[in-house]
Amino acid sequence: MKNIAVIGAGTMGNGIAHTFAQKGFKVQLIDISQQSLDKGLATITKNLDRMIAKEKISEADKEATLANISTYTNIKEGVEYAGLVVEAATENVDLKLKIFRELSEACPEDTILASNTSSISITQIAAVTNRPEMVIGMHFMNPVPIMKLVEIIRGYNTSDEVTSTIMEMSKTLGKVPVEVNDYPGFVANRILMPMINESIETLYNGVAGVSEIDTVMKLGMAHPMGPLQLADFIGLDVCLSILNVMYEGFKNPKYAPCPLLVNMVMAGKLGVKSGEGFYDYSENRKAENVSKQFI
């Protein structure tokens, strides 16, 4: 299985493409927009240059990695020879179901279909395909080339063979795969998102300020970044989407998103990607300046 198709050239998609290509896989990176593909390739190039500067790879390694990536704006053409497709589109259930219906028809019958979803049911995704036993979750962490964990999510019908294949493939990427079952939020986000949401509630209720909350969690709990900083990094819209999936899936009020989070997303304050969230990123991309509304 040397041909890997990746759907989506955004943050996660280009990171997944980079990781596979650097390990010698031929990658077909697919997006509906050539502009998105160009931006994704530019990001991969910049990240490879950063690795060269840190003496982790050579210039020859960079060129070989880039040579392993080809781009497509048509799914059918991009997946023609794929042994594995990894979907990394926006975390929207309707969009993902549409993509998997198309993949089901376009891919060879022995192609494994994986989703990088961070919360949406693999069983639900698999149900719209003609091969539910060959659908699985591969939830990579951001930034993909650096983070070791991959959550491997088994849908209700995912076969043992497919699970074993994807577990072993993840290891060849230098990752640590962890097998989990298919419930809303899986493991990572089922634990992480309520913590982020509770941190936003703590701010919303006036218990402490942005930097104070993050400092407590960094210094007191040894977290590498505070939960509000992490929410900005993930994207507040993504956090809201995941919380909504969990709330709908469990019908438990403890997963209901904080009104402050809802309002910030509606106002377009999405974190790093929009230039402002709990922190202001207009001067730099580090979480150093608290947004004016929280001062």
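Right above here is the structure, for reference.
Residues numbered from 1 in each chain as written. Predicted model: local features only at pLDDT ≥ 70, side-chain atom pairs only at ≥ 80, totals over all residues. Heavy atoms only, no water.

Asker: Help me understand the pattern of salt bridges in this model?
Answerer: Tallied over the full model, the rule gives 10 salt bridges. Here Arg154 ties to Glu179 by a salt bridge, and the two come within 3.7 Å at their closest N and O atoms. With Arg154 in strand β7 (residues 149-154) and Glu179 in strand β8 (residues 176-181), this residue pair connects regions lying 25 residues apart in the sequence. By relative accessible area, which is 41% here, Glu179 ends up partly exposed. Each of Asp49, Glu59 and Lys62 takes part in a single network of salt bridges with overlapping partners. (Salt bridge = Lys/Arg side-chain N within 4 Å of Asp/Glu carboxyl O. Helix = DSSP H or I, 4+ residues; strand = E, 2+ residues; numbered from the N terminus. Buried < 20%, exposed > 50% of the residue type's maximum accessible area, 1.4 Å probe, protein only.)

Asker: Just to check I follow, could you spell out the packing of helix α1 (residues 11-22) against helix α2 (residues 34-53) for this structure?
Answerer: Following both chains from N to C, one finds α1 and α2 inclined at 55 degrees, their axes separated by 9 Å at the closest point. Here α1 is positioned oblique relative to α2, judged by the angle of their axes. Crossing geometry of α1 relative to α2 is assigned as right-handed. Facing α1, whose interface residues are Asn14, Ala17, His18 and Gln22, α2 presents Gly40, Thr43, Ile44, Asn47, Leu48 and Met51. For the contact of α1 with α2, the per-class residue count stands at four nonpolar, six polar and no charged. (Axes fitted to C-alpha atoms, helices over the stretch in contact; angles between N-to-C directions. Parallel < 35°, antiparallel > 145°, perpendicular 65-115°, else oblique. Left-handed = near helix turned anticlockwise from the far one by under 90°. Contact = heavy atoms within 4.5 Å. Nonpolar A, V, L, I, M, F, W, Y, C, P; charged D, E, K, R; others polar.)

Asker: Is there a simple way to explain the packing of aromatic side chains in this structure?
Answerer: For any pair of aromatic rings, geometry is given as the distance between the ring centres together with the angle between the planes. Scanning all chains against the criterion turns up three aromatic pairs. Positioned above the aromatic ring of Phe25 is the side chain of Lys2, whose terminal nitrogen or guanidinium carbon lies 4.6 Å from the ring centre. (Phe/Tyr/Trp six-rings, centres within 6.5 Å; stacked < 30°, edge-to-face > 60°. Lys NZ or Arg CZ within 6 Å of the ring centre and 35° of its normal.)

Asker: Just checking my understanding: could you explain unusual backbone geometry for this structure?
Answerer: Most peptide bonds are trans, and most residues other than glycine sit at a negative phi. Asn142 connects to Pro143 through a cis peptide bond whose omega is 0 degrees. Mapped onto the elements of the fold, Pro143 is located in the loop between β6 (135-140) and β7. Here Phe186, not a glycine, exhibits a phi torsion of approximately 55 degrees, which is positive. Of the residues examined, Phe186 reaches a relative accessible area of 4% and is grouped as buried. Despite not being glycine, Ala222 has its phi angle at roughly 60 degrees, a positive value. Within the secondary structure layout, Ala222 lies in the loop between α9 (210-221) and α10 (227-234). Owing to a relative accessible area of 65%, Ala222 belongs among the exposed residues under this scheme.

Asker: Hey, could you run me through α10 in this one?
Answerer: Working note: α-helix, 3.6 residues per turn, so residues spaced by three or four point in the same direction. The element α10 is largely enclosed, with a buried count of six among its eight residues. Listed as buried for α10 are Pro227, Leu228, Gln229, Leu230, Ala231 and Asp232. In this structure, the buried side of α10 is in contact with α8 (188-204), α9, α11 (236-250) and β9 (279-280). Of the residues one or two after α10, Gly235 is the one with positive phi, at around 110 degrees.

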